[in-house]
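Chain and residue survey
So the chains spell out like this:
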Amino acid sequence: MITNRDLEQLVEEAEKGQCVVLNLAGPEKLFNGIKDTIRLEPKQANLLGYLIENKGIYCTKSRIENAVWNDHTVNSTTVRRYISAIRKKLSQAMGRNDIDKNILETTDLGEYVWKAEIPAKVLRNG
């Protein structure tokens, strides 16, 4: 469990560009970047958390669906739509326009990978 003081310190580090923070522990799902703090919908936040926690691992659409939607069948374009929305929000939070090439990439095979160089912290309950 993270204390409020520790959370404040992490947010400060994010504002200084030392890391990014995805807070899944609070009632609002927030991503703290160097430029802004953005609110994510719960599924967006879970998907992003999954990719950050699997940094450098190429995740297929079905693997993401299993992890985020718990084996529920979703529309064939659902993951792609969520990734697109997440990228727009990350661009705002991080002040970057190259999210699709240097942060959250899609491979030619349609796999997704978090490959940001900046340290990323994911805070979860429990």
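Now for a description of the structure that goes with this document. Remember, it's a predicted structure, so these values are computed and weren't measured experimentally.

Quick look at the packing of helix H2 (residues 42-53) against helix H4 (residues 78-94)
Viewed as axis vectors pointing N to C, H2 and H4 meet at an angle of 85°, and their least axial separation amounts to 10 Å. By the criterion of interaxial angle, the relationship of H2 to H4 is roughly perpendicular. Together, Lys-43, Gln-44, Leu-47, Leu-48 and Leu-51 of H2 and Tyr-82, Ile-83, Ala-85, Ile-86, Lys-89 and Leu-90 of H4 make up the contact between the two elements. Residues that form the contact of H2 with H4 fall into these classes: eight nonpolar, one polar and two charged.

Looking at the environment of Cys-19
Position of Cys-19 among the secondary structure elements: in the loop between helix H1 (4-15) and strand E1 (20-23). On a C-alpha basis, the gap between Cys-19 and Ala-45 in space is 17 Å, while along the polypeptide they are 26 residues apart. Contact partners of Cys-19, with chain neighbours within four places excluded, come to Leu-10, Glu-13, Ala-14, Ile-118 and Pro-119.

Comments concerning the nonpolar core
Among the nonpolar cores identified, the biggest contains 31 residues, and Phe-31, Leu-47, Leu-48, Leu-51, Ile-64, Leu-90 and Trp-114 are the most heavily contacted of them. Looking at this core, the elements with two or more residues in it are E1, strand E3 (37-40), H2, helix H3 (61-68), H4 and strand E5 (112-114). With residues up to four places along the chain from it excluded, the contact list for Leu-90 reads Phe-31, Leu-48, Gly-95, Ile-99, Ile-103, Leu-104 and Trp-114. Leu-10, Cys-19, Val-21 and Leu-123 belong to the second-largest nonpolar core, a separate cluster that totals five residues.

Notes on the packing of H2 against H3
At a closest axis distance of 10 Å, the pairing of H2 and H3 adopts a crossing angle of 120°. The angle between H2 and H3 falls in the class oblique. In this structure, H2 crosses over H3, and the sense of that crossing is right-handed. For the pair formed by H2 and H3, the contact residues are Lys-43, Asn-46, Leu-47, Tyr-50 and Leu-51 on the first element and Arg-63, Ile-64, Ala-67 and Val-68 on the second.

Things to note about the sheet that holds E1
One open sheet accounts for four strands, arranged E3-E2-E1-E6; its pairing is mixed. Bordering the open sheet on either side are E3 and strand E6 (120-123), each of which pairs with just one other strand. The average undirected angle you get between the axes of adjacent strands in this sheet is 15°. Sheet analysis places E1 next to strand E2 (residues 29-32), joined by three bridges and oriented antiparallel. When the bridges of E2 are listed, Val-21 appears paired with Asn-32. Sitting on the sheet, H4 touches E1, E2 and E3, and the angle it makes with E3 is about 160°.

Points about H1
Along its twelve residues, H1 runs 16 Å from first to last C-alpha, staying within 8% of the 16 Å computed at 1.5 Å per residue. When H1 is considered as a whole, its buried residues turn out to be Leu-10, Val-11 and Ala-14. With its buried residues spanning 100° around the axis, H1 presents them on a single face. Facing away from the buried side of H1 by more than 90 degrees, the exposed set consists of Arg-5 and Glu-8.

Some remarks on the pairing of E3
Residues Ile-38 and Leu-40 point to one face of E3 and are all buried, whereas Thr-37 and Arg-39, pointing to the other face, are not buried. Pairing analysis gives four bridges linking E2 to E3, with the strands arranged antiparallel. Looking at E3, one finds that Phe-31 is bridged to Ile-38. The hairpin formed by E2 and E3 contains four residues between the paired strands.

Rules used throughout
Residues numbered from 1 in each chain as written. Predicted model: local features only at pLDDT ≥ 70, side-chain atom pairs only at ≥ 80, totals over all residues. Heavy atoms only, no water. Axes fitted to C-alpha atoms, helices over the stretch in contact; angles between N-to-C directions. Helix = DSSP H or I, 4+ residues; strand = E, 2+ residues; numbered from the N terminus. Parallel < 35°, antiparallel > 145°, perpendicular 65-115°, else oblique. Contact = heavy atoms within 4.5 Å. Nonpolar A, V, L, I, M, F, W, Y, C, P; charged D, E, K, R; others polar. Core = buried A, V, L, I, M, F, W, Y, C linked by side-chain atoms within 4.5 Å. Buried < 20%, exposed > 50% of the residue type's maximum accessible area, 1.4 Å probe, protein only. Left-handed = near helix turned anticlockwise from the far one by under 90°. Pairing = 2+ DSSP bridges. Expected span 1.5 Å × (residues − 1). Arc of directions from axis to C-beta.

So far we have only geometry, and geometry alone does not tell us how the molecule works.
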